[in-house]
Amino acid sequence: KQEVTQIPAALSVPEGENLVLNCSFTDSAIYNLQWFRQDPGKGLTSLLLIQSSQREQTSGRLNASLDKSSGRSTLYIAASQPGDSATYLCAVNTINKFYFGSGTKLNVKP
Amino acid sequence: DAGITQSPRHKVTETGTPVTLRCHQTENHRYMYWYRQDPGHGLRLIHYSYGVKDTDKGEVSDGYSVSRSKTEDFLLTLESATSSQTSVYFCAISEGLAGAWETQYFGPGTRLLVL
């Protein structure tokens with residue numbers, strides 16, 4: 001059974017800092033890995049999708065990397081802003097099933 | 001945004017009563033999913049559907065049943081609600097491409113409180 005772990009569970013940083021969120025998974029037989037953002041009381045919004053054959057994806061200030069063989073992914077957020085405060089979840093896709101980590105709650109202080 | 005709606009958005013019910021949550025999509029996607037989200041557990045799959053009348057269990061399916069009579073609607077029923085089923089329930093959809101581009105789109109969630 002696929003297990004997805006996210007560390008840390010919570011993170012508080014001052015505005016402007018660069019930060020890294022971590023995601024690990026136990027079974028490397030995945031189609032892709034996705035990072036989502038969840039605001040309080042809301043659904044999930046997709047940020048980045050990395051196919052299993054890719055090493056990284058970038059969108060604006062976000063960069064996600066994938067090392068499938070070691071079962072690890074990182075989400076790098078550059079120059080963090082208070083508007084980045086949210087919970088970030090990673091999910092791995094295996095044959096139309098998605099397995100989620102429990103998320104990292106990020107607080108960016110002004 | 002993907003066209004996914006959930007109803008009701010909030011519900012308070014009593015232990016032992018049946019509850020049905022509805023997910024409606026306008027994207028004509030093949031796969032539909034029900035998750036529950038609880039603190040410290042992330043999202044856990046309850047049931048999913050890969051077509052009309054085709055459903056399968058997820059990792060936390062006990063006490064839940066589902067039905068899909070139309071492509072656009074996926075119903076989740078708590079047969080006899082218990083306090084442990086207090087949670088936020090999310091519906092999601094995906095095209096069912098079974099490949100590296102497959103992604104999920106989420107509804108806004110339903111907050112259920114079982115007293």
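Above this text is the structure in question.
Residues numbered from 1 in each chain as written. Chains lettered and ligands numbered in written order. Predicted model: local features only at pLDDT ≥ 70, side-chain atom pairs only at ≥ 80, totals over all residues. Heavy atoms only, no water.

Draft legend 1. How the structure looks around the overall build of chain A. Per the secondary structure count, chain A includes zero helices and eleven strands. Computed over its C-alpha atoms, the radius of gyration of chain A comes to 13 Å, within 12% of the 13 Å expected for a compact globule of 110 residues. Taken over the C-alpha atoms alone, chain A extends approximately 40 × 25 × 20 Å along its principal axes. For chain A, with 110 residues in total, the buried portion stands at 45%. For chain A, restricting intrachain contacts to residue pairs at least 6 apart in sequence, the fraction spanning at least 24 positions comes to 53%. With an accessible surface of roughly 5,000 Å², chain A has 48% of that area assigned to carbon and sulfur atoms. Computed over 10 positive and 8 negative side-chain charges, the separation of the two mean positions in chain A equals 5 Å. (Helix = DSSP H or I, 4+ residues; strand = E, 2+ residues; numbered from the N terminus. Rg over C-alpha atoms; globule rule 2.2 N^0.38 Å. Buried < 20%, exposed > 50% of the residue type's maximum accessible area, 1.4 Å probe, protein only. Contact = heavy atoms within 4.5 Å. Areas by Shrake-Rupley, 256 points an atom, 1.4 Å probe, with all protein chains shown as cover. Lys, Arg positive; Asp, Glu negative; His and termini not counted. Charge placed at Lys NZ, Arg CZ, Asp CG, Glu CD.)

Draft legend 2. A look at the overall build of chain B. Helix and strand counts for chain B come out as zero helices and eleven strands. Its helices and strands taken in sequence order, chain B reads β-β-β-β-β-β-β-β-β-β-β from the N to the C terminus. In summary, chain B has a C-alpha radius of gyration of 13 Å against a globular reference of 13 Å for 115 residues, a match within 12%. Judged by the C-alpha coordinates and their principal axes, chain B covers about 40 × 30 × 25 Å. Here chain B holds 115 residues, and the buried ones make up 49% of them. The contacts of chain B with a sequence gap of at least 6 include a subset with a gap of at least 24, amounting to 54%. Averaging the locations of the 11 positively and 13 negatively charged side chains of chain B gives two centres separated by 4 Å.

Draft legend 3. Representation of the pairing of strand E11 (residues 110–114) of chain B within the structure. All names here are of chain B. Side chains of E11 alternate between two faces, with Thr-110, Leu-112 and Val-114 buried and Arg-111 and Leu-113 left unburied. Pairing analysis gives four bridges linking strand E2 (residues 10–13) to E11, with the strands arranged parallel. Paired with His-10 across the bridge in E11 is Arg-111. (Pairing = 2+ DSSP bridges.)

Draft legend 4. Fine view of the environment of Ile-7 of chain A. All names here are of chain A. Within the secondary structure layout, Ile-7 lies in strand E1 (residues 4–7). Linking Ile-7 and Lys-105, residues 98 residues apart in sequence, is a C-alpha distance of 9.9 Å. Discounting chain neighbours no more than four positions away, the residues touching Ile-7 are Leu-21, Asn-22 and Thr-104.

Draft legend 5. Just the interface of chain A and chain B, in detail. Counting residues at the interface gives 21 residues for chain A, matched by 27 residues for chain B. The interface formed by chain A and chain B contains one salt bridge. Counting across the interface, chain A meets chain B through two residue pairs in polar contact (both at pLDDT 80 or more). Listing elements by their share of the side of chain A that touches chain B, those giving two or more residues are strand E4 (32–38), strand E5 (44–51), strand E9 (86–94) and strand E10 (97–100) of chain A. When grouped by side-chain class, the residues that make up the side of chain A that touches chain B number seven nonpolar, eleven polar and three charged. (Salt bridge = Lys/Arg side-chain N within 4 Å of Asp/Glu carboxyl O. Polar contact = N/O pair within 3.5 Å; in protein donor to acceptor, adjacent residues only side chain to side chain. Nonpolar A, V, L, I, M, F, W, Y, C, P; charged D, E, K, R; others polar.)

Draft legend 6. The arrangement of the nonpolar core in detail. Counting 22 residues, the largest nonpolar core has Phe-25, Leu-33, Trp-35, Leu-75, Ile-77, Tyr-88 and Leu-106 of chain A as its most contacted members. Mapped onto this core, the elements with two or more residues apiece are strand E3 (19–25), E4, E5, strand E7 (62–67), strand E8 (72–77), E9 and strand E11 (104–109) of chain A. Not counting residues within four places of it along the chain, the set of residues in contact with Leu-33 of chain A comprises Cys-23, Phe-25, Leu-48, Leu-49, Ile-50, Leu-66, Ser-73, Cys-90, Ala-91 and Val-92 of chain A. Counting residues in hydrophobic clusters, the runner-up holds 19 residues, among them Tyr-64, Leu-76, Ile-93 and Leu-112 of chain B. (Core = buried A, V, L, I, M, F, W, Y, C linked by side-chain atoms within 4.5 Å.)

Draft legend 7. Representation of the environment of Ser-65 of chain A. All names here are of chain A. Its place among the elements puts Ser-65 in strand E7. In this structure the C-alpha to C-alpha distance between Ser-65 and Tyr-88, which are 23 residues apart in sequence, comes to 15 Å. Within polar-contact distance, the side chain of Ser-65 engages the side chain of Thr-74 at 2.6 Å.

Draft legend 8. Expanded view of the sheet that holds E7 of chain A. All names here are of chain A. Taking strand neighbours across the sheet as the criterion, the five strands line up as E1-E3-E8-E7-E6 in an open arrangement whose pairing is antiparallel. Taken across any chain shown, the strands that pair with only one partner, and hence form the sheet edges, are E1 and strand E6 (56–59). Taking the axes of each pair of neighbouring strands and ignoring which way they run, one obtains an average angle of 15 degrees across the sheet. Bridge count between E6 and E7: four bridges; the pairing is antiparallel. Paired with Gln-57 across the bridge in E7 is Ala-64. (Axes fitted to C-alpha atoms, helices over the stretch in contact; angles between N-to-C directions.)

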